[in-house]
Amino acid sequence: NTNDENLQVPMYMWENPEGFFYTTIEVCCQEHYVNVKIDCIRRSKSYILGGVLDTGVPDGDTIDLGVGINPDVPGIIVIFNGRLYFQNVFIPTTSPKHLETIRDVVAGAVKTALNAKYPTAEVAGKVFDGLDLNNLNGVRKLSHHAHDNHSRELSRMQLFTFNATIRVDCDRICVRDIKSSGRQVSHDISATFDDAIRDGTVFSEIKNDMAQMGQVGPFFTASLDEGYLMYDSSIEDTDRGTWAPTTDPTYVPSGMPTIMPSESPSSSPSESPTRLPTPPPTMPPTHAPTEPFKFYPRYDQFTCRADGQHSEFEVHFYNTLEECCNHPWLQKTTCLILGAAFTNPPTTGPTTPKPVTSPPTHHPTSVSTSASTVSPTKAPTHTPTNAPIMTLTTGVPTFKPTSLPTTRPTNNPAIAPKGQIVEDFEFGLSSAFQWYNSKPYSWVADDTIAMSGALSMRNTIPPGGQTCTLSLTLNSETGGLITYGIRHDIFMPWSVLRIEDNGEIVETVAGHSGEPKWSVQSVTLDPGEHEVAWIIWRSNSDSLPVEELGQGLVWLDAIKYTPGLSFNFDLGVFDMNYVRFSGVGTWAIDDSQPANDDGLAAHSPKFLLPGEHSVMSITYDVPQPGGKITFGFVLGMGTFSFYIDGEKFKDSNTPSTKATTFSYSLTPGEHKFDWKYDAPSIPNLPLSMVWVDNIQIMPLLI
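Residues numbered from 1 in each chain as written. Predicted model: local features only at pLDDT ≥ 70, side-chain atom pairs only at ≥ 80, totals over all residues. Heavy atoms only, no water.

**What to know about the pattern of salt bridges**
Right, on to step 1. What the rule picks out here adds up to 15 salt bridges.
Right, on to step 2. The residue lysine 672 makes a salt bridge to aspartate 674 at a minimum N-O spacing of 2.7 Å.
Right, on to step 3. We classify lysine 672 as partly exposed; its relative accessible area is 36%.
Right, on to step 4. For aspartate 674, a relative accessible area of 10% puts it in the buried group.
Right, on to step 5. Ionic pairing is found between lysine 676 and aspartate 678, a salt bridge with its closest N-O pair at 3.9 Å.
Right, on to step 6. Connected through shared salt-bridge partners, Glu100, Arg103 and Asp104 make up one network. (Salt bridge = Lys/Arg side-chain N within 4 Å of Asp/Glu carboxyl O. Buried < 20%, exposed > 50% of the residue type's maximum accessible area, 1.4 Å probe, protein only.)

Rendered as structure tokens:
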């Protein structure tokens, strides 16, 4: 731009102008202003945004506050102390020139990382490995480790300390309490810095800048192991404008960046949300009679239905339930018993119209109206010679394989409803869960032994080396508990039962004492998709005892899913439908817990000051008949307390090196759980946090 006297193009550029065009400001500054790249980027962006170019010449009329800062908008300055823990940085000499280079490069990298989100006014290096960086041209105060003008290559931790000041816009509410507002925003600034340390941004910036200057050596074999930004104080930014008086003390200008004080605003809206207009109810036709549905075989439910939900390939239709139950693939007695619950065909005459909001159903509303997701997609069009038949007897039942679903669902399971799901097998395998039943050795219905009702499910005995598997699949949003009634009469070495969740063994059953009897067992589910399987494995060893113990049979009944609440934090985010924060700062999720546990954990804010505390709260309505809460925690420095409905149930001020598990029984109803951390009396101690993981609020077994 030759019209701008501050941007007169040097003559040497005119000789080859295309050699001085770049796609980004960063590339241009890195190419031509290596030693002052950070300032080059800042000044260039400021100029593009309409700011006055900072040429380094004192003006008196313009104050350069940094990129993105409007001097007319009131603000505050948040002040931090920082620490970077390097290892194996090579300092060839302690001459002012070398130390100045290291100081400016490290400070510039910190400033660049913070500038990604917050305008940073200044980063000033203080001490590096015992060397005073404040006055390099004057007298340096060296620690006992330092020896002036001597090479230093140290296989130990090297501490770089610095000060950082961050400028933040401030609205009227913020101005009333600068200290609280600055403290509140400091947690997000510190988190921004933590991310830059953890993902390597700061160290990469340091190495790149040194490489551009041809001084790779100092950081070539070095590492940046840790880094912290610790809040110091907040003050008014006197270089910026102030708010004019207003008659409304609660007025906040629209569009103004806002930093709220430490108290969280109410999450409840001031007005009820506007609902969309409710469409008028539709009226069923009254001028034509309703044609009754014909019965068709429901092989997965061992009976017949007359609901119009048959496959498009179905060809077997009957006028009555009894005719349908004579189908050769069904056992008539069982078919008639089960089919009676579904027999409610519509009338053929006109009906009195009633307003409805969805198409009318032709069967009881307590039974799922949709076809089972695991039912056969195509029924046979002829009667096979080896059609499986189920025979119910009064003694030990004998079965041939039935045509239950034999392929695992390929689609993702639907998200489980918020409430309880019960499968009692009274109508076969319903669509409450997605079912898989192995083939040719399948689980079958049994009307001779049941925990409740008339039917249970029982395995067939597979040959040696084979398995017989029944599994259910569901997607639990919040986690929960699968309970099931089980009766087993199997013994090793002939047979063994494995209960698995997503392929991991939950329990192995290899025998029992006394007579077989029913018991209730459970599988705890974390949030997400689960396949819970009951697998019978039959031994094929040639050296088995001749006389087998037990019948080799397992019965299942009364399978129930009850939603609970589970947080293992492995997704790295808080579920704000349940979690709230109070006190100072917000909690974070990462893998920093000092115990040997794997995965992520939630932890209290870093570097709380003496007298400060922070609380993570969860509110949950525990269903009947009650529940149990469990969680693990690891405490560093400070005090940890756990409250239920305001009553303290656990506290500790002893640092721990491994996770401690806490559990407590809960009565039905809504409860509020608080995990509270109080900072130690000495500021900025390492590991001044509490880590909490594997929170589970699960229903009790009935």
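Okay, back to it.
**Things to note about the nonpolar core**
Nonpolar side chains in soluble globular proteins tend to end up buried together.
Right, on to step 1. Formed by 43 residues in total, the largest nonpolar core has its most connected members in Leu84, Phe86, Phe162, Ile189, Ile206 and Phe219.
Right, on to step 2. Taken together, the elements giving at least two residues each to this core come down to strand E1 (75-87), helix H4 (96-115), strand E3 (120-128), strand E6 (157-169), helix H6 (178-198), helix H7 (201-212) and strand E7 (223-236).
Right, on to step 3. Counting residues per element, this core draws most heavily on H4, which supplies nine residues.
Right, on to step 4. The contacts of leucine 84, once residues within four sequence positions are left out, are Val106, Val110, Gln158, Leu159, Phe160, Phe162, Phe193, Ile197, Leu224, Glu226 and Gly227.
Right, on to step 5. Counting 32 residues, the second-largest nonpolar core is a separate cluster that includes Leu608, Met616, Val622 and Leu666. (Core = buried A, V, L, I, M, F, W, Y, C linked by side-chain atoms within 4.5 Å. Helix = DSSP H or I, 4+ residues; strand = E, 2+ residues; numbered from the N terminus. Contact = heavy atoms within 4.5 Å.)

**Overview of the sheet that holds strand E16 (residues 495-501)**
Right, on to step 1. Spatially, five strands are ordered E11-E14-E19-E16-E17 in an open sheet, and the strand pairing comes out antiparallel. Every interior strand has two partners, whereas the edge strands, strand E11 (434-437) and strand E17 (504-509), have only one. Each adjacent strand pair in this sheet contributes to an overall mean axis angle of 15 degrees, direction not counted.
Right, on to step 2. In this structure, E16 lies alongside E17, joined through five bridges in antiparallel fashion. Bridge pairing in E17 links isoleucine 499 to glutamate 507. (Pairing = 2+ DSSP bridges. Axes fitted to C-alpha atoms, helices over the stretch in contact; angles between N-to-C directions.)

**Digging into the state of the cysteines**
Right, on to step 1. The tally for this structure, following the rule as stated, stands at one disulfide.
Right, on to step 2. Note that cysteine 304 is cross-linked by a disulfide to cysteine 324, the S-S spacing being 2.0 Å. Measuring the twist about the S-S bond at about -85 degrees, one finds the cysteine 304-cysteine 324 disulfide to be left-handed. Placement of the pair is cysteine 304 in strand E9 (residues 303-305) and cysteine 324 in helix H9 (residues 321-325), with a sequence separation of 20 residues. Both residues of the pair, cysteine 304 and cysteine 324, count as buried. (Disulfide = S-S within 2.5 Å.)

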